[in-house]
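So the chains spell out like this:
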Amino acid sequence: MSDVTASPSVRALAREKQIDLEILAKDLGRTTLTREDVAAGASGPAAADGTIYWDVDHSQYGPVSEEPMSRFAQVAAQNLAAAQTLIPAVTHHDRADVSAIETFRKALKPEAEARGVKLTGLAFQVKALARALKEFPRFNASLSADGKTLTLKHYIHIGIAVDSPFGLSVPVIRDVDKKGLWEIAADIGDLAARAQERKVRPNEMGGASMTITNLGGIGGTAFSPIVNPPELAILGITRAEITPIWDGEMFQPVPMVPLDLSYDHRVINGADAARFTTYLVNLIADPRRIMV
Amino acid sequence: MAVNHAEFVVLGAGPGGYACAFRAADLGLNVTLVDPRADLGGVCLNEGCIPSKALLHAAEVIREARHVGDWGISFGEPKIDLNKLREKKNGIVKHLTDGLTGLAKRRKVNVVRGTASFTGPTGLEIDGAAWSFDQAVIAVGSSPVRLPGWPDDERIWDSGSALELRQVPKRLAIVGGGIIGLEMATIYAALGSNVTIIEFMEQIAPGADAEAVRILHDVLQQQGVIIHTGTKVVEVKATKAALGLSCEGVFDGEVKADAVIQAVGRSANGHLVNPQAAGVAIDARGIIAVDATCRTNVDNIFAIGDVTGNPMLAHRATHQGHVAAEVACGHAGALDTDFIPSVAYTSPELAWVGLIAATAKERGIPHKVSRFPWAASGRNLASGGGDGMTKLVYDPDTKRILGATIIGRNAGELLAELVLAMEMGATLEDIALTVHAHPTLSETIAFASERALGTLTDL
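Residues numbered from 1 in each chain as written. Chains lettered and ligands numbered in written order. Predicted model: local features only at pLDDT ≥ 70, side-chain atom pairs only at ≥ 80, totals over all residues. Heavy atoms only, no water.

K.L.:
Sorry if this is basic, but what is going on with the overall build of chain A here?
P.N.:
The helix and strand inventory of chain A stands at ten helices and eleven strands. Put simply, chain A has 292 residues, and 38% of those count as buried. Residue pairs at least 24 apart in sequence account for 60% of intrachain contacts in chain A once pairs closer than 6 positions are excluded. With an accessible surface of roughly 16,700 Å², chain A has 56% of that area assigned to carbon and sulfur atoms. (Helix = DSSP H or I, 4+ residues; strand = E, 2+ residues; numbered from the N terminus. Buried < 20%, exposed > 50% of the residue type's maximum accessible area, 1.4 Å probe, protein only. Contact = heavy atoms within 4.5 Å. Areas by Shrake-Rupley, 256 points an atom, 1.4 Å probe, with all protein chains shown as cover.)

Take a look at the structure:
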């Protein structure tokens, strides 16, 4: 039996209008559909799921070929579409001085090699983000489906978006606030490698406080990441660049990393996002503060 | 040879076929309705639903007359004039089939008496004459299953011959305790036969709620019907004196009878019309598979009713008939429901729709059950009704009705409220808050709902 309730005459109308009641119910976020819903559901399946925009014979414009979307990619696509539709998101842009991190990283290089761990800038970013979340607990939270309750998380888990031949996945590093840099760097290396082979276990995904999506290794100066629900925000990182920074007397060549924080405006307002990002920028610029 | 042509041909004039033909004619098609019977109406009107209900009415009158002895009213032993009863029943059937002929005429439906058989995807032969058609509907119904290995003996009846009312046998055995077998038992027990029912399954009315069936089982036994469940007939011996049925199972022994009714089910008649010639797929059991729009695997050929498989019920056939006619005319028809009610017109009646508790449990569907016993129904007691029950199966979260079973007088009529409730997605509260007239049997449905909600004050 269908989980959607509609009377026989409403079902008949839906058939006539070629409206899929299951899809319409999902779109309207309901389980009971009335005559008005179906009548308003316009004139076909197109209205319910928007297929009309994509239902185009491309070959009329030139040669084409087709490849199937993998199940993996289809699920990711659905989640992204839902997130983009359901969350009123704003992206806040800033940049942080990474000279201190780079200096420290270079200093630790021999030890990293000895430990067999690749100490990346990302490990520092993860650690800094964890510290910022501790300072701003409302960023480490999720909104209930009915929008009436904010659940504050007393743990700090950071998701890392990983690009792989199979598509996008987000393995999660648990309890980042309790882990040292070496451990975090090792976790990142391990999860990213296994994600490439699609060997991340289901219990190693989900439940993040916030996600980091890092394009630093590829390029770009800024982008607008999509919040990964039920998280409230996502931190985008692009490639650090030597930038002339005015120190009050002259321009200094400073390596700056661009940061893009997309956040759910239902919970986080612009001023909070600016405060959070500024705090994060300061932590990155002076990683000693992470310890303070 | 000139070939006859039919724009829309319906093979079979039972409740599915004539409904389809009439609906198609109303939608403007030129309709040909083919059936070998002299009268329209198929098994339902001629030797099924209607004649059985006429005889069941007679049986109920006999029983009522006996029961009112307790009320200080006595009529004495009934005198039964079998010829007159048969005439009355035949008269009712004739009245209805003549009515159908009138309805067909008014719609200018071309009725052809004959046996049809496909010769190709747009070709038919009707009693040797070649026909072509644009669209066809296969509505050739089903026939009683004949048990293999039984002797040829005119004392062995099927439901059709039992309803001819040839005689009232002193000892009547009924093989098969499904709806048809139980109705035959109800009729012949009232007319004076000593009836024995032999059912292979663990309960009579297999598929119905066991608790409700128990009530029916007990009442039938009180009426003098002997019931052997979990029992199989392994051999039938015909002697001049009697038919001897050797049984194995829960009952081991021989049942002697002056007549036996085979009521072990019905098999689809698909093979009768040679559908393969048109490319229509048919399985070994004679069933032609269709989708919700009643289309077969061949685009211009539909199938409806018993020939499309279970449940083999006239009301399903009628709905399918309308769907096929509408789809053939380009409308968006479909039979998009699982809620096909079942009714055994026994005394008391047993009626159910949707899930029974046992099935819900077996499939792991979350459910709860609420019952209202008819011993607490004023209307039931005041009208001489016996044991009965209204039982609802509902979703504990949404409180929507998942299934319903009613055992008691007029259960078949009462069930309609629940079928509608389920189609509308009604909850227990919807039913409980709907004012039911007092005193009625329909109140028991509201009471069962209130009981589940904890708002009942009648128990």
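K.L.:
Please clarify how the overall build of chain B should be interpreted in this entry.
P.N.:
Looking only at helices and strands, one finds 13 helices and 22 strands in chain B. Taken over 459 residues, chain B has a buried fraction of 53%. Long-range pairs, those at least 24 residues apart, make up 62% of the contacts in chain B between residues at least 6 apart in sequence. For chain B, the accessible surface area stands at approximately 20,400 Å², while carbon and sulfur atoms represent 52% of it.

K.L.:
Would you mind showing me how to read the packing of aromatic side chains here?
P.N.:
Each aromatic ring pair is summarised here by two numbers: the centre-to-centre distance and the angle between the ring planes. Summed over the entire model, instances satisfying the criterion amount to ten aromatic pairs over all chains. On the basis of an interplanar angle of 85° and a centroid distance of 5.9 Å, the ring pair of F136 of chain A and F139 of chain A is categorised as edge-to-face. Neither residue differs from the other here; F136 of chain A and F139 of chain A are each classed as buried. Ring centres of Y18 of chain B and F22 of chain B lie 5.6 Å apart, and the angle between their planes is 45°; this geometry places the pair in the tilted category. You can see Y18 of chain B and its partner F22 of chain B sitting in helix α1 (residues 15-26), four residues apart, about one turn around the helix. (Phe/Tyr/Trp six-rings, centres within 6.5 Å; stacked < 30°, edge-to-face > 60°.)

K.L.:
Honestly, helix α7 (residues 210-222) of chain B in this entry has me stumped. Any pointers?
P.N.:
Since the α-helix packs 3.6 residues into each turn, any two residues three or four apart lie on the same face. Residues and elements named next belong to chain B. With 13 residues, α7 ought to run about 18 Å at 1.5 Å a step, and its terminal C-alpha atoms sit 18 Å apart, in line with that. Along α7, the residues that are buried comprise A212, V213, I215, L216, H217, V219 and L220. In the core, the buried residues of α7 are packed alongside α6 (179-191), β11 (226-228), β19 (349-354), β21 (389-394) and β22 (401-408). Remark: G224 follows α7 within two positions and exhibits a positive phi of approximately 95°. (Expected span 1.5 Å × (residues − 1).)

K.L.:
It is not clear to me how the sheet that holds strand β12 (residues 231-238) of chain B should be interpreted in this structure. Could you clarify?
P.N.:
Pairing between sheet strands relies on hydrogen bonds along the backbone, with the strands arranged either parallel or antiparallel. Residue and element names in this part refer to chain B. Taken together, three strands build an open sheet; the order of strands is β12-β13-β14 and the sheet is antiparallel. Two strands bound the open sheet, and with one partner strand each, they are β12 and β14 (253-257). Geometrically, the sheet is characterised by an average inter-axis angle of 25° between neighbouring strands, direction not taken into account. As paired strands, β12 and strand β13 (residues 243-249) are joined by seven bridges and run antiparallel to one another. In the sheet register, A238 faces β13, and the bridge partner there is L243. (Pairing = 2+ DSSP bridges. Axes fitted to C-alpha atoms, helices over the stretch in contact; angles between N-to-C directions.)

K.L.:
Looking at this structure, I do not really get the interface of chain A and chain B. What am I missing?
P.N.:
By a frequent convention, interface size equals the accessible area lost on bringing the separate parts together. Counting residues at the interface gives ten residues for chain A and twelve residues for chain B. Between chain A and chain B, the buried area comes to about 910 Å², and carbon and sulfur atoms account for 50% of it. On the surface where chain A and chain B come into contact, there are three salt bridges. With a shortest N-O distance of 3.1 Å, D336 of chain B and R11 of chain A are connected by a salt bridge. In this structure, the connection of chain A to chain B is made through five residue pairs in polar contact (both at pLDDT 80 or more). Among the residues forming the side of chain A that touches chain B, the class breakdown is three nonpolar, three polar and four charged. (Buried area = accessible area lost by both parts, 1.4 Å probe. Salt bridge = Lys/Arg side-chain N within 4 Å of Asp/Glu carboxyl O. Polar contact = N/O pair within 3.5 Å; in protein donor to acceptor, adjacent residues only side chain to side chain. Nonpolar A, V, L, I, M, F, W, Y, C, P; charged D, E, K, R; others polar.)

K.L.:
Teacher, can you tell me more about the nonpolar core here?
P.N.:
Soluble globular proteins: nonpolar side chains tend toward being buried together. One finds V126, I158, L259, L261 and F276 of chain A to be the most contacted residues of the largest nonpolar core, which totals 51 residues. Residue assignment for this core shows that the elements contributing at least two residues are α6 (99-115), α7 (121-135), β4 (158-160), α8 (181-196), β8 (210-214), β9 (233-237), β11 (251-264) and α9 (270-285) of chain A. With nine residues, α7 of chain A is the largest single contributor of residues to this core. Those residues in contact with V126 of chain A that lie beyond four places of it in its chain are I158, I160, V176, I184, I188 and I212 of chain A. The next biggest cluster of nonpolar side chains, apart from the first, holds 41 residues, and it includes L55, A259, A263 and I407 of chain B. (Core = buried A, V, L, I, M, F, W, Y, C linked by side-chain atoms within 4.5 Å.)

K.L.:
Help me understand the side chain of S209 of chain A in this model?
P.N.:
All names here are of chain A. Along the chain, S209 turns up in the loop between α8 and β8. One polar contact links S209 to N140, side chain to side chain, over a distance of 2.9 Å. At 3.4 Å, the side chain of S209 forms a polar contact with the backbone oxygen of Y155.

K.L.:
Just checking my understanding: could you explain the sheet that holds β21 of chain B for this structure?
P.N.:
Residues and elements named next belong to chain B. In spatial order, the strands read β18-β19-β22-β21-β20; together these five strands make up an open sheet with antiparallel pairing. Two strands lie at the open edges of the sheet, namely β18 (342-344) and β20 (368-373), each paired on one side alone. In this sheet, neighbouring strand axes are inclined to one another by 10° on average, regardless of whether the strands run parallel or antiparallel. Sheet contacts for helix α11 (residues 411-423): β18, β19, β21 and β22; angle to β19, the most-contacted strand, approximately 10°. Here helix α13 (residues 443-453) sits on the sheet and contacts β20, β21 and β22; the angle it forms with β20, its principal contact strand, is near 135°.

K.L.:
Can you help me understand unusual backbone geometry in this one?
P.N.:
The phi angle of most residues is negative, glycine excepted, and most peptide bonds adopt the trans form. Cis rather than trans, the peptide bond between P229 of chain A and P230 of chain A has omega equal to 10°. Between S347 of chain B and P348 of chain B the backbone carries a cis peptide bond, its omega angle lying at 5°. Unlike most non-glycine residues, K399 of chain B shows phi in positive territory, near 65°. Along the polypeptide, K399 of chain B turns up in the loop between β21 and β22. For K399 of chain B, a relative accessible area of 30% corresponds to the partly exposed category.

K.L.:
Help me understand the packing of helix α3 (residues 49-67) of chain B against α6 of chain B in this model?
P.N.:
All names here are of chain B. At a closest axis distance of 9 Å, the pairing of α3 and α6 adopts a crossing angle of 45°. The angle between the axes of α3 and α6 places the two elements in the oblique class. The handedness of the crossing between α3 and α6 comes out as left-handed. Along the contact surface, α3 presents S52, K53, L55, L56, A59, I62, R63 and R66, while α6 presents E183, T186, I187, A190 and L191. Its residues placed into classes, the contact of α3 with α6 shows seven nonpolar, two polar and four charged. (Parallel < 35°, antiparallel > 145°, perpendicular 65-115°, else oblique. Left-handed = near helix turned anticlockwise from the far one by under 90°.)

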